[in-house]
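# Architecture and fold: a report
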Amino acid sequence: FVTGTSSVMWPVAQRFARHLCNHPELVRGLKVLELGAGVGLVGAAAAAMGAELVVITDCEVAMPLLGRNRERLAEHGCAGVEVARVEWGSEADHAAVLARCPGGFDLVVASDVLVGGFDTEALFHCCVALLARRPSARLLIAYEFREEWESVGTFLHRCSEAGLDESHIHIGEDGGEDEDDDGDMFLYTLCWRDGAP
């Protein structure tokens, strides 16, 4: 376990990874960035499903673990995965990772990052800075409800103000859409609204 980061595979990340495996068209041929990657499971799934480039990111303390996991992925034939430090809201980190993908990423993914006590303002600025400014670009965020809606609500409100439209599904154990409206795991999809800056 790495103190200060999520170095375990939380259930919502597992469901999100299965969702990508069930829907490879979401990542195939795209340049993908994972924020707050922890062990990098969602990014690894994106790479395995044919993303052109995957950059898995987290805070400085997570770099050794992510580096080892990138090496293991390469050993198993999953190329095109890079690791980078991104402290949410750090313009220097944003610039460094954008050097790998000028113009921004086609798809930004994150799981279990909208949690009470996390800096959702910095996360918001990070997402907007790294997501390409074109209609086809997408931000996918997996969220597990833990008796607290303020974090996700505030984040989604900021995204709407910035010109991102939101839709969501309940995500089941198999990664598919869960028809049970009482489910506590969600996959939010955000994309630029027509005419957004």
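See above for the structure.
Notes on the structure follow. Along every chain, residues carry numbers that run from 1 in the direction the sequence is written. Per-residue local features of the predicted model are confined to residues with pLDDT of at least 70, and side-chain atom pairs are confined, for both listing and counting, to 80 or more; whole-chain, interface and lining totals are unaffected and use all residues. Neither water nor hydrogens contribute to the side-chain values; these are computed over all heavy atoms in the structure.

Right, let's talk about the overall build of the protein chain for a bit. Secondary structure elements are taken from DSSP: a helix is a run of H or I of four residues or more, a strand is a run of E of two residues or more, and numbering for both begins at the N terminus. Within the protein chain, the regular secondary structure consists of six helices and seven strands. Element order for the protein chain, N to C, with α for helix and β for strand: α-β-α-β-α-β-α-β-α-β-α-β-β. The globule rule used here is 2.2 Å times the number of residues to the 0.38 power, and the radius of gyration it is set against is calculated over C-alpha atoms. For the protein chain, the C-alpha radius of gyration of 15 Å lies close to 16 Å, the compact-globule estimate for 197 residues. Each principal axis of the C-alpha distribution contributes one length, and for the protein chain these read about 40 × 35 × 35 Å. The buried label applies to any residue whose accessible area, calculated with a 1.4 Å probe on protein chains only, is under 20% of its type's maximum; exposed applies above 50%, and partly exposed to all values in between. With 197 residues in all, the protein chain has 52% of them scored as buried. Contact definition: two residues touch when any of their heavy atoms are within 4.5 Å. Pairs at least 24 apart in sequence give 70% of the contacts found in the protein chain among residues at least 6 apart. As presented, the protein chain carries roughly 9200 Å² of accessible surface, and 51% of it is formed by carbon and sulfur atoms. Only four residue types enter the tally: Lys and Arg on the positive side, Asp and Glu on the negative side, with His and both chain ends excluded. By convention, charge coordinates are those of NZ in Lys, CZ in Arg, CG in Asp, or CD in Glu. Looking at charge distribution, the protein chain has the averaged site of its 15 positive side-chain charges lying 8 Å from that of its 32 negative ones. To be clear on the numbers: accessible area is Shrake-Rupley with a 1.4 Å probe, and residue cover counts the displayed protein chains and nothing else.

For helices, the fitted line uses only the C-alpha atoms of the stretch in contact; every axis is such a line through C-alpha atoms, and the angle between N-to-C directions lies from 0 to 180 degrees. Two elements in contact, helix H4 (residues 91-98) and helix H5 (residues 120-130), have axes whose closest approach is 10 Å; the angle formed by their N-to-C orientations is 30°. Here H4 is positioned roughly parallel relative to H5, judged by the angle of their axes. Crossing geometry of H4 relative to H5 is assigned as right-handed. From H4, His94, Val97 and Leu98 reach across to H5, where they touch His125, Cys126, Ala129 and Leu130. Residues are grouped as follows: Ala, Val, Leu, Ile, Met, Phe, Trp, Tyr, Cys and Pro are nonpolar; Asp, Glu, Lys and Arg are charged; all remaining types, including Gly, are polar. When the residues that make up the contact of H4 with H5 are grouped by side-chain class, the tally is five nonpolar, two polar and no charged. Angular relationships are summarised with four words: roughly parallel below 35 degrees, roughly antiparallel beyond 145, roughly perpendicular across 65 to 115, and oblique for the angles in between. For any helix crossing, the convention is left-handed if the near helix is rotated counterclockwise from the far helix by under a right angle, and right-handed if that rotation is clockwise.

This part takes up helix H2 (residues 41-48). Of all eight residues in H2, six are buried; the element is thus mostly enclosed. Along H2, the positions that sit buried rather than exposed are Val42, Gly43, Ala44, Ala45, Ala46 and Ala47. In this structure, the buried side of H2 is in contact with helix H1 (11-22), strand S1 (31-35), strand S2 (53-58), helix H3 (63-75), strand S3 (81-85) and strand S4 (107-111). At the C-terminal side of H2, Gly50 shows a positive phi close to 105°.

Let us now look at the packing of H5 against helix H6 (residues 150-162). Relative orientation of the contacting elements H5 and H6 amounts to 35°, with a least axis distance of 10 Å. Between H5 and H6 lies a crossing whose hand is right-handed. Of the residues in H6, those in contact with Thr120, Glu121, Leu123, Phe124, His125 and Cys127 of H5 are Ser151, Thr154, Phe155, Arg158, Cys159 and Ala162. Within the contact of H5 with H6, the residues separate by chemical class into six nonpolar, four polar and two charged.

Okay, the nonpolar core next. Residues enter a nonpolar core if they are buried and are Ala, Val, Leu, Ile, Met, Phe, Trp, Tyr or Cys, with the set joined through side-chain atoms within 4.5 Å. Counting 36 residues, the largest nonpolar core has Leu33, Leu35, Val97, Phe105, Leu114, Leu139 and Phe155 as its most contacted members. Mapped by element, the contributors of at least two residues to this core are S1, S2, S4, H5, strand S5 (138-144), H6 and strand S7 (185-192). The contact partners of Leu114, leaving out residues within four places of it in the chain, are Thr120, Leu123, Ile141, Tyr143, Ser151, Val152 and Phe155.

The next subject is the environment of Arg85. Inspection of the secondary structure puts Arg85 in strand S3. What makes Arg85 partly exposed here is its relative accessible area of 37%. Placed 26 residues apart in sequence, Arg85 and Cys59 show a C-alpha to C-alpha distance of 5.5 Å. Residue contacts for Arg85: discarding those within four places in its chain leaves Asp58, Cys59, Glu60, Met63 and Asp93. Among the polar contacts listed, one links the side chain of Arg85 to the side chain of Asp93, at a separation of 2.6 Å. Under the rule applied, a polar contact is a pair of N or O atoms within 3.5 Å (in protein, one hydrogen donor and one hydrogen acceptor; residues adjacent in sequence only if both atoms are side-chain atoms).

By themselves, these are just geometric observations and shouldn't be taken as functional.
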